[in-house]
Amino acid sequence: MKKLSGFVLVLGLAFSAGAQAIVDEFAFGFSPRTGDAWVDTQLGDINVFARGNTDGFIDDVVVSYGAPRYLVRELYYDRRWAPGDIYYACALAQLVRRPCIEVVDIYQRDHGQGWGVIAQRLGIRPGSPEFHTLKGNVGKGHGKMKARGGPKAGGSRGGNQSGPAPKGNRPAGGQGQGRGQGGKPDKGNQGRGHGR
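All values reported here derive from a predicted model rather than from experimental measurement. (Residues numbered from 1 in each chain as written. Predicted model: local features only at pLDDT ≥ 70, side-chain atom pairs only at ≥ 80, totals over all residues. Heavy atoms only, no water.)

A.B. asks: Which parts of the structure should I look at to understand the overall build of the protein?
C.D. replies: Along the protein, the regular secondary structure elements total eight helices and zero strands. Listed by position from the N terminus, the elements making up the protein come as α-α-α-α-α-α-α-α. Taking all 196 residues of the protein together, the buried fraction comes to 37%. Considering only intrachain contacts with a sequence separation of at least 6, the fraction spanning at least 24 residues in the protein is 61%. Of the roughly 11100 Å² that the protein leaves accessible, carbon and sulfur atoms contribute 55%. (Helix = DSSP H or I, 4+ residues; strand = E, 2+ residues; numbered from the N terminus. Buried < 20%, exposed > 50% of the residue type's maximum accessible area, 1.4 Å probe, protein only. Contact = heavy atoms within 4.5 Å. Areas by Shrake-Rupley, 256 points an atom, 1.4 Å probe, with all protein chains shown as cover.)

Dropping the structure here:
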């Protein structure tokens, strides 16, 4: 019994050290402070899911928020931003109708204040309809990543193809699945097959 409890203790310490190593790898650590505990938790989960499917995470941010792929890749690989911070920066940028790079620059400079303060400075008040939209977007992103299998995916898409199709598997003409931002039909696909 003592051997088993010793093994469990060693295993627990190894897992906690591994979790801390993930946090230490982020340029700013990870402390989103959005002003909403649920959103903070979802962003933390996005960090974990993105580790298991980095390409799917990058695709989701690019497709969902129109962020330039080079920027998302640079933030993740070169600047070592936490995926949750990348996701929130681009979601917030879309909501306030600014380029993601502008919000990234603000957070790069003022990350010590937390996302809640930055969002307020950009006009998103706690409890406002805009804040609830932002919160909903984070929840949708979290759900999509979880549906893809999160960390179990091992960098591949896994069995659930709920995200954007990989290059080469898109329908002819480069069109998507007929859905644009927010689940609305793409303007380019409206009227197809309806004789308009």
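Picking up after the structure, the text goes on.
A.B. asks: Is there a simple way to explain the side chain of Thr54 in this structure?
C.D. replies: With respect to the helices and strands, Thr54 occurs in helix 3 (residues 54-65). Using a relative accessible area of 12% as the deciding quantity, one classes Thr54 as buried.

A.B. asks: Which parts of the structure should I look at to understand the packing of aromatic side chains?
C.D. replies: In this description, an aromatic ring pair is defined by two values, namely the gap between the centres and the angle between the planes. Counted under the stated rule, the structure contains seven aromatic pairs. Both rings, one in Phe57 and one in Tyr76, keep their centres 6.3 Å apart while their planes meet at 45°; by these two values the pair is tilted. Linking Phe57 in helix 3 with Tyr76 in helix 4 (residues 69-78), this pair joins segments that are 19 residues apart in sequence. Of the residues examined, Phe57 reaches a relative accessible area of 1% and is grouped as buried. For the pair Tyr65 and Tyr87, a centre-to-centre distance of 5.2 Å together with 90° between the ring planes defines the contact as edge-to-face. Taken together, the positions of Tyr65 in helix 3 and Tyr87 in helix 5 (residues 83-95) put the pair 22 residues apart, joining distant regions of the chain. Each member of the pair Tyr65 and Tyr87 is classed as buried. Among the aromatic residues, those joined into a cluster by ring pairs are Trp81, Tyr88, Tyr107 and Trp115. (Phe/Tyr/Trp six-rings, centres within 6.5 Å; stacked < 30°, edge-to-face > 60°.)

A.B. asks: Any chance you could explain the nonpolar core here in plain terms?
C.D. replies: Nonpolar side chains in soluble globular proteins tend to be buried together. In terms of nonpolar packing, the biggest core is built from 39 residues, with Phe57, Val61, Val72, Ile86, Tyr88, Leu92 and Trp115 touching the most fellow members. Elements with a minimum of two residues in this core: helix 2 (37-52), helix 3, helix 4, helix 5, helix 6 (100-110), helix 7 (115-121) and helix 8 (129-147). Counting residues per element, this core draws most heavily on helix 5, at eight residues. (Core = buried A, V, L, I, M, F, W, Y, C linked by side-chain atoms within 4.5 Å.)

A.B. asks: Is there a simple way to explain the environment of Val96 in this structure?
C.D. replies: Within the element layout of this structure, Val96 appears in the loop between helix 5 and helix 6. Residues Val96 and Glu130, 34 residues apart in the sequence, show an inter-C-alpha distance of 8.9 Å. Not counting the four nearest positions on each side in its chain, Val96 is found in contact with Leu122 and Ile124.

A.B. asks: Help me out: how do you make sense of unusual backbone geometry in this one?
C.D. replies: With the exception of glycine, the majority of residues adopt a negative phi angle, and the majority of peptide bonds are in the trans configuration. One non-glycine residue, Arg80, adopts positive backbone phi at about 60°. Among the secondary structure elements, Arg80 is positioned in the loop between helix 4 and helix 5. Here Arg80 falls in the partly exposed class, since its relative accessible area comes to 44%. One non-glycine residue, Arg97, lies in the positive phi region at around 55°. Here Arg97 falls in the exposed class, since its relative accessible area comes to 75%.

A.B. asks: Looking at this model, I keep getting lost on the pattern of salt bridges. Mind explaining?
C.D. replies: Between side chains of opposite charge, a pair can form when the charged atoms approach closely. Across all of its chains, the model carries seven salt bridges by this definition. The salt bridge involving Asp110 is made with Arg109; its shortest N-O contact spans 3.4 Å. Accessibility expressed as a relative area gives 14% for Asp110, which makes it buried. Note on Arg109: relative accessible area 56%, which makes it exposed. Through salt bridges with shared partners, one network takes in Arg109, Asp110 and Arg121. (Salt bridge = Lys/Arg side-chain N within 4 Å of Asp/Glu carboxyl O.)

A.B. asks: Which parts of the structure should I look at to understand the confidence of the model for the protein?
C.D. replies: Do not read the predicted coordinates in detail wherever pLDDT is low. On average, the protein scores 74 in pLDDT, and the residues at 70 or more come to 63%. Of the regions scoring below 50 in pLDDT, residues 4-24 engages in three contacts with residues more than four places distant in sequence or in other chains. In the predicted structure, residues 151-196 sits below a pLDDT of 50 and forms 50 contacts with residues beyond four places in sequence or in another chain. (pLDDT = per-residue confidence, 0-100.)

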